[in-house]
There are 2 protein chains.
Amino acid sequence: MIQTPYLLFLGDAPDQLAAKVAQGIKDWRPENAVGQFRMEGCGADLGITDMSLADAKAAGAKTLVIGVANRGGVISDAWKKVLVEALQMGFDIASGLHNLLRDEDELVAAARVNGRTLFDVRIPSVAYPIANGKKRTGKRCLAIGTDCSVGKMYTGMAMDAEMQKRGLKSTFRPTGQTGILITGGGVPLDAVIADFMAGAVEYLTPDNDPDHWDHIEGQGSLFHVSYSGVTMALIHGGQPDALILAHEPTRTHMRGLPEYDLPSLEALRDSGLAMAHIANPACKVAGISVNTQHMSEDEALAYLAEVEDRMGLPTVDTYRQGAGRLVDAILAL
Amino acid sequence: MIQTPYLLFLGDAPDQLAAKVAQGIKDWRPENAVGQFRMEGCGADLGITDMSLADAKAAGAKTLVIGVANRGGVISDAWKKVLVEALQMGFDIASGLHNLLRDEDELVAAARVNGRTLFDVRIPSVAYPIANGKKRTGKRCLAIGTDCSVGKMYTGMAMDAEMQKRGLKSTFRPTGQTGILITGGGVPLDAVIADFMAGAVEYLTPDNDPDHWDHIEGQGSLFHVSYSGVTMALIHGGQPDALILAHEPTRTHMRGLPEYDLPSLEALRDSGLAMAHIANPACKVAGISVNTQHMSEDEALAYLAEVEDRMGLPTVDTYRQGAGRLVDAILAL
């Protein structure tokens, strides 16, 4: 686990979008974000206190989190200067960049000398077991999508937050870099070796109280030929009790695959449920989460109503409407 | 690619079963096996010429292949002595053992000094791309199983051999250690990183002549919760034109999963085809390959006839009956 709270490093992020990871931390775990560190030319602003390394240290920050996508795929010398200083001041550093911290000799040396830890959350840090398929106690919910990047993580985070708000037992279980940095732990599933994928998901979602819900972050799509194997491992390793169907209605083709159409929600429901029943015959589809960000409010509401009527399942945009009805639906199963 | 032909190293294999990999090479690629090397106490015998390293060198062997599972998971000092001598004499070494050749300092040093190559076929040697899903030329056949280890590799090898015998264009495409050692190349799919699984299968089965068939080695099962993600990547990365259903009728539960029943052949057909149609809408189930090794000849023939009648598909045990009818079936598609 990465130690919280964090100082959010925005570096010289050209714009707000480049600081997506930091924004996610600030939105979902504001208590983890004591401040932001911006360099000259930074075009992003989270609206939280700007802090020097010393300010952040005094405010109790334990880890500097690189909350920004870097330019050109490398950790620049300007960044490195700040990062080395942070290690010297006693911060750990966590990053989801492709350019690994551990591949930078200066950072490795500074971490060693100062007894600090570098967390490359893109790389598994655990030797996961092979899945054993044994039934676990507690409840699990998984969002599966008609495509990649349709709001599965957001849905899981929103359902977890709603359950926390109601005082119910609930944990969000990240399976990607952003989720891991937001919560401080998880499994970078797309970087796990094939034989251990389902076992990594079992490891992530262990036995729990009978009334506890894990909200497992989905990845890929059964219908996305590049990543469907990862999705399958989530369905079988996660042995979900509830599935949420996730969809983005304005997509014209599968992400990155111009020759591939999106499946219907009906096809997703049928394939997802058939596969989920192998690991958990009691699994049910509880609701539908639609990302309507590219629709007007009127269009969105009309679309949601049409889908709800057609599919006979609670259908919401969790960003516009919250996750209350989806939580109601899984609790009613 | 591993250089052929091979000297098959049986070491001190306690019995014939421990020499399964060597047996596979001798059965399927006898032209690759110039001789066997046995140490004191070896209980296995392939029925080919016993050779010293010098004999094998003189007979043209290029690579020493470790064709045996080792005891206790380590490469013993007695083995190492032979392997170092082989490197000094100019052999490459290939192995599918968990105990990697590259983790043995003595072997690494001897390979470097003598300019030889160590092939650990369990570990990918290529940075595979992410799958792009583009339709490729040529035809592909994949066996999918009701369970793991039901004869998928054997089926693919037998169909390839039958096509070769008929003078047709055909290639067996290994996805596991044994197949890679038998043919000298392939992808160790269960050791590939999740995001690149389907891309590795695309890499393994590139564009080819319109009348050429790849026989892709299957792995796992859509119904085996530990490995289903690997199977899914084969179905989507391989974009098969033909599926063969593979089954072992005496299994009482899924391999290694006592709580899990085997699916019916109907369920395998329906799930497999639904998933295959995502990558290739023209895919068809061509036939059924049953491993009847635990049945008498009479039982086996009765069972095969019953399944053929029920499923309406050519149903054979390729070991007892050859793969002729399955090849006829894919050619007739």
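One can find the structure itself at the top, above this paragraph.
Keep in mind that what you see is a predicted model, and the values were worked out from it rather than measured. (Residues numbered from 1 in each chain as written. Chains lettered and ligands numbered in written order. Predicted model: local features only at pLDDT ≥ 70, side-chain atom pairs only at ≥ 80, totals over all residues. Heavy atoms only, no water.)

> I would appreciate a short explanation of the overall build of chain A in the present structure.
Helices and strands together make up the secondary structure of chain A, namely 12 helices and 11 strands. In summary, chain A has a C-alpha radius of gyration of 20 Å against a globular reference of 20 Å for 333 residues, a match within 12%. If one aligns the C-alpha atoms of chain A with their principal axes, the spans along those axes are about 55 × 45 × 45 Å. Burial analysis of chain A (333 residues in total) assigns 60% to the buried set. Intrachain contacts of chain A at a sequence separation of at least 6 include 76% that bridge at least 24 residues. By element, 52% of the accessible surface of chain A is carried by carbon and sulfur atoms, the whole surface being about 13,100 Å². (Helix = DSSP H or I, 4+ residues; strand = E, 2+ residues; numbered from the N terminus. Rg over C-alpha atoms; globule rule 2.2 N^0.38 Å. Buried < 20%, exposed > 50% of the residue type's maximum accessible area, 1.4 Å probe, protein only. Contact = heavy atoms within 4.5 Å. Areas by Shrake-Rupley, 256 points an atom, 1.4 Å probe, with all protein chains shown as cover.)

> Explain the interface of chain A and chain B to me, please; I cannot follow it from the model alone.
Frequently, the measure chosen for interface size is the accessible area that the parts lose on association. Listed by partner, the interface residues are 34 residues for chain A and 34 residues for chain B. It is Asp195(A), Val225(A) and Ile278(A) in chain A that bury the most area against chain B; as a group they hold 18% of the surface buried on that side. At the junction of chain A with chain B, the criterion picks out 2 salt bridges. Here Lys134(B) ties to Glu259(A) by a salt bridge, and the two come within 3.7 Å at their closest N and O atoms. There are 10 residue pairs in polar contact (both at pLDDT 80 or more) connecting chain A and chain B. Those elements giving two or more residues to the side of chain A that touches chain B turn out to be α7 (197-204), α8 (228-238) and α9 (265-279) of chain A. Looking at the side of chain A that touches chain B element by element, the count peaks at 6 residues for α8(A). Residue composition of the side of chain A that touches chain B, grouped by class: 21 nonpolar, 9 polar and 4 charged. (Buried area = accessible area lost by both parts, 1.4 Å probe. Salt bridge = Lys/Arg side-chain N within 4 Å of Asp/Glu carboxyl O. Polar contact = N/O pair within 3.5 Å; in protein donor to acceptor, adjacent residues only side chain to side chain. Nonpolar A, V, L, I, M, F, W, Y, C, P; charged D, E, K, R; others polar.)

> Explanation requested: empty space enclosed by the protein in the structure shown.
Regions of empty space are outlined by a rolling probe, equal in size to a water molecule, passed over the atoms. A complete count under the given rule lists 2 cavities of 30 Å³ or more for this structure. Here the largest cavity is characterised by a volume of approximately 40 Å³. Lining the largest cavity are Cys141(B), Leu142(B), Ala143(B), Lys152(B), Thr155(B), Gly156(B), Met159(B), His215(B), Ile216(B) and Ile244(B). Looking at the lining of the largest cavity, the elements that each hand over two or more residues are β6 (139-145), α5 (152-165) and β8 (213-216) of chain B. At 4 residues, the largest contribution of residues to the lining of the largest cavity is made by α5(B). Of the residues that constitute the lining of the largest cavity, the class distribution is 6 nonpolar, 3 polar and 1 charged. Roughly 40 Å³ of internal volume is contained in the second largest cavity. Lining the second largest cavity are Cys141(A), Leu142(A), Ala143(A), Thr155(A), Gly156(A), Met159(A), His215(A), Ile216(A) and Ile244(A). At the level of elements, β6 (139-145), α5 (152-165) and β8 (213-216) of chain A are the ones that each hand at least two residues to the lining of the second largest cavity. Taken together, the residues of the lining of the second largest cavity break down into 6 nonpolar, 3 polar and no charged. (1 Å grid on protein atoms, 1.4 Å probe; cavity = no way out; pocket = protein on both sides within 12 Å on 5 of 7 lines; lining within 4 Å. Points joined across faces, edges and corners; volume = space filled by probe spheres on them.)

> I'm lost on the pattern of salt bridges in this one. Help?
It is possible for side chains of opposite charge to pair when their charged atoms get near one another. Under the defined criterion, the tally for this structure stands at 48 salt bridges over all chains. Here Lys80(B) ties to Glu104(B) by a salt bridge, and the two come within 2.9 Å at their closest N and O atoms. Residue Lys80(B) is found in helix α3 (residues 77-88), and its partner Glu104(B) is found in the loop between β4 (92-95) and α4 (105-114); the two are separated by 24 residues along the sequence. Using a relative accessible area of 10% as the deciding quantity, one classes Lys80(B) as buried. On the accessibility criterion, Glu104(B) (15% relative accessible area) is buried. In this structure, a network of salt bridges that share partners links the residues Glu162(A), Lys165(A), Arg166(A) and Asp328(A).

> I keep staring at the nonpolar core and nothing clicks. Help me out?
The nonpolar side chains of a soluble globular protein tend to be buried with one another. With 92 residues, the main nonpolar core has Leu189(A) and Leu189(B) as its most contacted residues. Not counting residues up to four positions away in its chain, the partners in contact with Leu189(B) are Ala194(A), Thr175(B), Met197(B), Ala200(B), Val201(B), Val230(B) and Leu234(B). (Core = buried A, V, L, I, M, F, W, Y, C linked by side-chain atoms within 4.5 Å.)

> What's the story with the relation of the copies chain A and chain B in this structure? I'm lost.
What connects the two chain copies is a rotation about an axis and a shift along it. After a rotation of 180 degrees and a shift along the axis of 0.0 Å, chain A superposes on chain B with an RMSD of 0.0 Å. Taken together, the turn and the small shift mark the pair as related by a two-fold rotation axis. Taken as a fraction of all interface residues of chain A, those also at the interface in chain B reach 100%, which identifies the copy contact as same-surface. (Least-squares fit on C-alpha atoms with pLDDT ≥ 70 in both.)

> Explanation requested: the packing of aromatic side chains in the structure shown.
The geometry of an aromatic ring pair comes down to the distance between the two centres and the angle between the two planes. This structure, assessed with the given rule, holds 10 aromatic pairs over all chains. Ring geometry for Trp28(A) and Tyr154(A): centres 5.1 Å apart, planes at 75 degrees, overall edge-to-face. Here Trp28(A) is found in helix α1 (residues 20-28), whereas its partner Tyr154(A) is found in helix α5, with 126 residues between them in sequence. Assessed through its relative accessible area of 18%, Trp28(A) is described here as buried. For Tyr154(A), a relative accessible area of 30% puts it in the partly exposed group. Centre to centre, the rings of Phe9(B) and Trp79(B) are 5.1 Å apart; their planes meet at 85 degrees, and the pair counts as edge-to-face. Pair noted here: Phe9(B) is in strand β1 (residues 6-11) and Trp79(B) is in helix α3, with a separation of 70 residues, a long-range link. Comparing Phe9(B) with Trp79(B), the two get one shared label, buried. Chaining the aromatic ring pairs together yields one cluster made of Phe9(A), Phe37(A) and Trp79(A). In this structure, Lys57(A) packs its charged tip against the face of Phe91(A), placed 5.2 Å from the ring centre. (Phe/Tyr/Trp six-rings, centres within 6.5 Å; stacked < 30°, edge-to-face > 60°. Lys NZ or Arg CZ within 6 Å of the ring centre and 35° of its normal.)

> I'm lost on unusual backbone geometry in this one. Help?
With the exception of glycine, the majority of residues adopt a negative phi angle, and the majority of peptide bonds are in the trans configuration. Along the chain, Thr4(A) connects to Pro5(A) via a cis peptide bond; the corresponding omega equals -5 degrees. Here Pro5(A) shows up in the segment before β1 (6-11). Of note in the backbone geometry, Gln239(A) takes a positive phi value of approximately 35 degrees without being a glycine. Secondary-structure assignment places Gln239(A) in the loop between α8 and β9 (242-247). In this structure, Ser149(B) is a non-glycine residue whose phi angle is positive, near 50 degrees. Position of Ser149(B) relative to the elements: it lies in the loop between β6 and α5.

> Explain the sheet that holds β1(A) to me, please; I cannot follow it from the model alone.
Within a beta sheet, neighbouring strands are joined by backbone hydrogen bonds and run either parallel or antiparallel to one another. All names here are of chain A. Taken together, the 5 strands give an open sheet; going across it, the order is β2-β1-β3-β4-β5, and neighbouring strands pair in parallel fashion. Looking at which strands have only one partner, the edges of the open sheet turn out to be β2 (33-38) and β5 (118-120). Pairwise comparison of adjacent strand axes, ignoring direction, gives a mean angle of 20 degrees for this sheet. Across 3 bridges, strand β4 (residues 92-95) lies against β5 in parallel orientation. (Pairing = 2+ DSSP bridges. Axes fitted to C-alpha atoms, helices over the stretch in contact; angles between N-to-C directions.)

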